Amino acid sequence: MDFFFSVNSVGNPLRANVYPVAKEKFKWEVRDEFDASDSKYDLETDAGTKQLWDDITNLMPSHCTANPKGEGCYDLIIAFVSDRSGTYPEGRTQGFTYGKPTNIVVAKDEDAPATVAHEIAHTYGIGDTYNGGSFRCSVNPAPASFTGKDWDNREQNVQCTAQGREPLGEISATKIPEDQHPYEVDGRGALKDMACYMGSGGQQAQFWTTQEAYNHLFTQLAPSVAKRATRESPVRVLAFQGFIKADGTVEEPLDPWESFMDDTVHTDTTGVYMIRAVDAGGNTVATQKLDVQFNILSTPPDPIKTLEWAPFEGVIPFPENVKKFEIVKDDVVKATKTVSANAPTVSSVKPATAGETVSGQYSITWNAEDKDGDSLSYTVEYNSDVVGAPNNWMILDSEIEEKKWDEDFSSLSGGDNAEIRVTATDGILTAVAESAVFKVPFKKPEVFIQEPEWGTSYEVGDEIMLEADVYDVQDEWLANDKLVWTSSISGQIGKGTNLVKELSAGEHVITLTGTNSKGLSSTDSLTVFVGNVTTEYIAEGDEEPVVLTNTFNNATTSVTVPAGLVTADTELSYTYLKEPSASTLPAFAYKGRYFSLSAEAEQSADNWVEVSDLKVTVKLENLNLPAGVSLGSLKLLRWDGTAWTDSGATYDTAVDGILGATVSKMGEYALVGVEKLIPGLEAAIRVLKILTEIPDTSASDLNFAGGPGIGLEDAVFILQSVAEQQQ
């Protein structure tokens, strides 16, 4: 399965887990950003969504219409936009499509991976399961209470009542019951009730696949014994595209069409909407039906809307005697494109110097002419290795009107045998020219470790799930043995993009190193704490105090819950923090320990709720107080969600070097000491010390921060002023 994205994107572990395809069989090619800043791409309008879909679709080579498995062709194009349209940026639309091959998805959505899996599944005939979607009841039924449009007839409402499915709670999706044993391999393991990813409205962690969707994908993706019908010698064909109304009106001007040689056998087809090739005598020599769909699919639907303009595309044979092409509805001609007498010519494509090295921004130029005076448009393609992969061309841009294209080669794969190819078209007839062979520097892979789904703090013995997104412009993807995970404590701990591992106690700096076929490497790191969390179970009505102890980083802390305090089974957790996770603390002479306390109580069977009020005693040892800071000057601050405030703790300093503190609320705490003196106060005290220790010193001889000659009375005045300001 081949895909490319129009922007740099994250990976999709959900898609890999719910599809019957090995992870390495998904081939992703990430393209540089598509500039959609022009007002013509306003996604709040129908015209803007149509324009974006059309221009991104044009990044697929025209020959892919004839042979979808040809070089440079993809099963799907997925383009990511930053935020939701429909009252941007907080609208409802998570994704939309006018049909294959392009889908637009909102990248910032928490469930964007589910949307990607959802949109890919549509291309293999899987319907929606959210209320109001496009249902394909015979393949993957939606809940019986939902109403949507029939997949095969979008004008007709339908309900999947015969299958009797139900939704998962408030999520608009088919329920996958726990007793059907949904299971995530190399991840969460056995799952509880889940929601079908063809639905909408839930959190990412709630989506999974129904058995019906999985089975259908398995059948669709199984290797086919059928082969594409081909001919011995290629013939000329025409790739066409455009937009049409239901009454047959064709949008003018039509997008440029391209002719090329192809060995695929194209059989004539007919329908209500057609294109036909006509010779000089007015005879029809070839026809192709236009498959048009006047509904736009979006997630979620608002509702499914009827399009004014529906896209069409296809390939039709183009014999030498054809003089025009006609688009018809019910045999009535709606638009005509005439074949010119002469094809255009293209020459002098830059880079023109063999062996030249091109990097960064570069202006690609060429010459072109048309004897008939037709307006020309151009497609510019790039191949990083015309020797090793002569057919591996990628479109940089199409429908260019100038004889120039500016490209940033820092985002393209490197190679010692790179070429540029320019195709000129007058709307039907085409000409092609290529540049000299030049060099482009090889690129490093890009490695990104995801924020761990289970956090960065663990008890000893916990499994840690590490996931990464890796993109390599050189190799497109890296094999597992080229992705190496290491720990600053344990050394090498695994390979691949996903890893589940138990680690020893300590502060682990986890590093992932990705190395491509050119020997170039990149790394990303994150810190994981193992052993900084301790959890204790407290039974309802426990007659003995429960003591929780943690010794991470030699910072011994114990938390005691008095006997009989809890009224329901409770789990209490202590987490040592290296730094406060909340806002910066005020300035203190001593910042000794940061930790958080949390608790959950079982309100009813398997229903655990967060507890905010719980009276516990915290005993802090190994404080390592600096000189000048006494045990009695210490206090606990608590983060209340907006600021650090006094925790209201009662303290016990009876045991030398150990601070006891009784608190009544869960949350994040910071142990601090004497507040730092501000510079003016410190300077004033320094003056007083000098005058006290050296009585013979003349005040006029002293230099103080406020100016020369400041004496004892001035210092006292400063002390009083500062004290008043601090109150």
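Being a predicted model, the structure only gives us computed values, none of them experimental. (Residues numbered from 1 in each chain as written. Predicted model: local features only at pLDDT ≥ 70, side-chain atom pairs only at ≥ 80, totals over all residues. Heavy atoms only, no water.)

Trainee: Teacher, can you tell me more about the overall build of the protein here?
Mentor: The number of helices and strands found in the protein is 6 helices and 54 strands. Looking at the protein as a whole, 49% of its 727 residues are labelled buried. If you take every contact in the protein between residues at least 6 apart in sequence, the share linking residues at least 24 apart comes to 61%. Surface summary for the protein: the accessible area is close to 34900 Å², and the carbon and sulfur share equals 47%. (Helix = DSSP H or I, 4+ residues; strand = E, 2+ residues; numbered from the N terminus. Buried < 20%, exposed > 50% of the residue type's maximum accessible area, 1.4 Å probe, protein only. Contact = heavy atoms within 4.5 Å. Areas by Shrake-Rupley, 256 points an atom, 1.4 Å probe, with all protein chains shown as cover.)

Trainee: Just checking my understanding: could you explain the packing of aromatic side chains for this structure?
Mentor: In this description, a pair of aromatic rings is defined by centroid distance and the angle of the planes. Tallying each qualifying case throughout the model produces 14 aromatic pairs. When the ring of Phe34 is compared with that of Tyr41, the centres are 5.7 Å apart and the planes differ by 70°; the resulting orientation is edge-to-face. Between the aromatic rings of Tyr382 and Phe409, the centroid separation amounts to 5.8 Å while the plane-to-plane angle is 80°, which identifies the pairing as edge-to-face. One end of the pair, Tyr382, is in strand S27 (residues 377-383); the other, Phe409, is in the loop between strand S29 (404-408) and strand S30 (415-425), and 27 residues separate them in sequence. One exposure class covers both Tyr382 and Phe409, and it is buried. Each member of the aromatic cluster is reached from another via a ring pair, and the members are Tyr362, Tyr382, Phe409 and Phe438. (Phe/Tyr/Trp six-rings, centres within 6.5 Å; stacked < 30°, edge-to-face > 60°.)

Trainee: How should the sheet that holds strand S15 (residues 230-244) be read in this particular structure?
Mentor: Backbone-to-backbone hydrogen bonds join strands into a sheet, with any given pair of strands oriented parallel or antiparallel. Read from one edge of the open sheet, 3 strands run S16-S15-S21, paired in antiparallel fashion. The open sheet terminates on both sides in strands that have one partner only, identified here as strand S16 (258-264) and strand S21 (310-317). For this sheet, the mean angle separating the axes of adjacent strands, direction not counted, is 35°. (Pairing = 2+ DSSP bridges. Axes fitted to C-alpha atoms, helices over the stretch in contact; angles between N-to-C directions.)

Trainee: What should I look at first to understand the state of the cysteines in this one?
Mentor: Disulfides are covalent bonds that link the sulfur atoms of two cysteine residues. Under the counting rule described, the total for this entry stands at 1 disulfide. Between the sulfur of Cys137 and that of Cys160 lies a disulfide, 2.0 Å long from S to S. Taking the sign of the S-S torsion, about -80° here, the bridge from Cys137 to Cys160 comes out left-handed. Here Cys137, found in the loop between strand S6 (134-135) and strand S7 (148-150), pairs with Cys160, found in the loop between strand S8 (153-158) and strand S9 (167-168); they are 23 residues apart in sequence, far enough to count as distant. You can call Cys137 buried: its relative accessible area is 16%. (Disulfide = S-S within 2.5 Å.)

Trainee: Is there a simple way to think about the pattern of salt bridges in this case?
Mentor: A side chain of one charge can pair with a side chain of the opposite charge if their charged atoms are brought near each other. Using the criterion set out here, one finds 15 salt bridges in the structure. The salt bridge involving Glu326 is made with Arg276; its shortest N-O contact spans 2.8 Å. Of this pair, Glu326 sits in strand S22 (residues 322-329) while Arg276 sits in strand S17 (residues 273-279), placing them 50 residues apart in sequence. Accessibility classification places Glu326 together with Arg276 in one group, the buried group. Measuring nitrogen to oxygen at the nearest pair gives 3.6 Å for the salt bridge that ties Lys289 to Asp291. Here Asp291 falls in the exposed class, since its relative accessible area comes to 60%. It is possible to trace a salt-bridge network through shared partners that takes in Arg276, Lys324, Glu326 and Asp331. (Salt bridge = Lys/Arg side-chain N within 4 Å of Asp/Glu carboxyl O.)

Trainee: Is there a simple way to explain the sheet that holds S8 in this structure?
Mentor: Read across the open sheet, the 3 strands follow the order S6-S7-S8; overall the sheet is mixed. At either end of the open sheet lies a strand with only one pairing partner, and these are S6 and S8. Taken together, the 2 bridges between S6 and S7 define a ladder with parallel strand orientation. Opposite Phe135, over in S7, you have Asp150 as the bridge partner.

Trainee: Can you walk me through the confidence of the model for the protein in this structure?
Mentor: Mean pLDDT over the protein stands at 84; residues scoring 70 or higher make up 84%. Low confidence marks residues 697-710, where pLDDT is under 50. Its contacts with residues over four positions away, or in another chain, come to 23 contacts. In this model residues 721-727 is a low-confidence stretch, pLDDT under 50, and it forms 4 contacts with partners more than four residues away in sequence or in other chains. (pLDDT = per-residue confidence, 0-100.)

Trainee: Just checking my understanding: could you explain the pairing of strand S45 (residues 591-604) for this structure?
Mentor: Strand residues, when the strand is regular, have side chains that alternate between the two faces of the sheet. Alignment of strand S44 (residues 570-577) against S45, held across 8 bridges, turns out to be antiparallel. By the bridge assignment, Ser573 is partnered in S45 with Ser598. Looking at chain direction, S45 and strand S52 (residues 667-672) are connected through 6 bridges and run antiparallel. Along S52, the bridge assignment pairs Ser596 with Glu668. Two elements, S45 and strand S46 (residues 607-611), share 5 bridges in a ladder whose sense is antiparallel. Note on S46: the bridge partner recorded for Ala601 is Val609.

Trainee: Hey, could you run me through a negative patch on the surface in this one?
Mentor: On the surface, Glu399, Glu401, Glu402 and Asp406 cluster together to form a negatively charged patch. By secondary structure assignment, the location of Glu399 is in strand S28 (residues 394-400). (Patch = residues over 30% accessible without salt bridge, like charges linked within 9 Å, V, L, I, M, F, W, Y side chains within 5 Å. Lys, Arg positive; Asp, Glu negative; His and termini not counted. Charge placed at Lys NZ, Arg CZ, Asp CG, Glu CD.)

Trainee: Looking at this model, I keep getting lost on the nonpolar core. Mind explaining?
Mentor: Burial of nonpolar side chains together is a common tendency in soluble globular proteins. Core analysis: the biggest nonpolar cluster contains 35 residues, and Leu572, Leu597 and Val616 have the highest contact counts within it. With residues up to four places along the chain from it excluded, the contact list for Val616 reads Val559, Thr560, Val561, Leu572, Leu597, Ala661, Thr662, Val663 and Met666. The next biggest cluster of nonpolar side chains, apart from the first, holds 29 residues, and it includes Ile78, Phe80, Phe207 and Ala213. (Core = buried A, V, L, I, M, F, W, Y, C linked by side-chain atoms within 4.5 Å.)

Trainee: Could you clarify how one ought to interpret the side chain of Thr575 in this entry?
Mentor: Secondary-structure assignment places Thr575 in strand S44. Classification of Thr575 by relative accessible area gives buried; the value is 14%. For Thr575, the residues in contact, after removing those within four places along its chain, are Ser457, Asn532, Val533, Tyr594, Phe595 and Ser596.

Trainee: Where do I start with the pairing of S8 in this structure?
Mentor: As paired strands, S7 and S8 are joined by 3 bridges and run antiparallel to one another. Looking across to S8, one finds that Gly148 is bridged to Val158. Hairpin geometry of S7 and S8 is characterised by an intervening segment of 2 residues between the two adjacent antiparallel strands.

Trainee: How should the environment of Leu396 be read in this particular structure?
Mentor: If you trace the backbone, Leu396 turns up in strand S28. On a C-alpha basis, the gap between Leu396 and Arg421 in space is 10.0 Å, while along the polypeptide they are 25 residues apart.

Trainee: It is not clear to me how helix H2 (residues 46-57) should be interpreted in this structure. Could you clarify?
Mentor: Because each turn of an α-helix spans 3.6 residues, side chains separated by three or four positions in sequence point in the same direction. Taking 1.5 Å of rise per residue, 12 residues should cover 16 Å, and H2 covers 17 Å from first to last C-alpha, within 8% of that figure. Burial analysis of H2 places 9 of its 12 residues in the buried class, which makes it a mostly covered element. The secondary structure elements touched by the buried residues of H2 are strand S3 (76-81), strand S4 (95-97), strand S5 (102-106), S15 and S21. (Expected span 1.5 Å × (residues − 1).)

Trainee: Explain helix H4 (residues 211-221) here, please?
Mentor: All buried positions along H4 are accounted for by Ala213, His216 and Leu217. The arc that holds every buried residue of H4, seen down its axis, measures 100°, which confines them to one face. Opposite the buried face of H4, at more than 90 degrees from it, the exposed residues are Phe218 and Thr219. (Arc of directions from axis to C-beta.)

Trainee: Would you explain the environment of Thr230 in this entry?
Mentor: For Thr230, the location among the structural elements is in strand S15. Put simply, Thr230 and Asp262 are 32 residues apart on the chain and 8.8 Å apart in space, counted from C-alpha to C-alpha. In contact with Thr230, other than residues within four places in its own chain, are Asp263, Thr264 and Val265.

Trainee: I tried to follow the side chain of Thr264 on my own but got confused; where do I start?
Mentor: With respect to the helices, strands and loops of the structure, Thr264 is situated in strand S16. In this structure the side chain of Thr264 is engaged in a polar contact, spanning 3.0 Å, whose partner is the side chain of Asp262. (Polar contact = N/O pair within 3.5 Å; in protein donor to acceptor, adjacent residues only side chain to side chain.)

Trainee: Quick question: what am I supposed to make of the environment of Val629 here?
Mentor: Locating Val629 in the fold gives a position in the loop between strand S47 (613-620) and strand S48 (635-639). For Val629, a relative accessible area of 12% corresponds to the buried category. On a C-alpha basis, the gap between Val629 and Tyr590 in space is 7.4 Å, while along the polypeptide they are 39 residues apart. Ignoring sequence-local partners within four residues, the contact set of Val629 consists of Ala589, Tyr590, Leu634 and Gly673.

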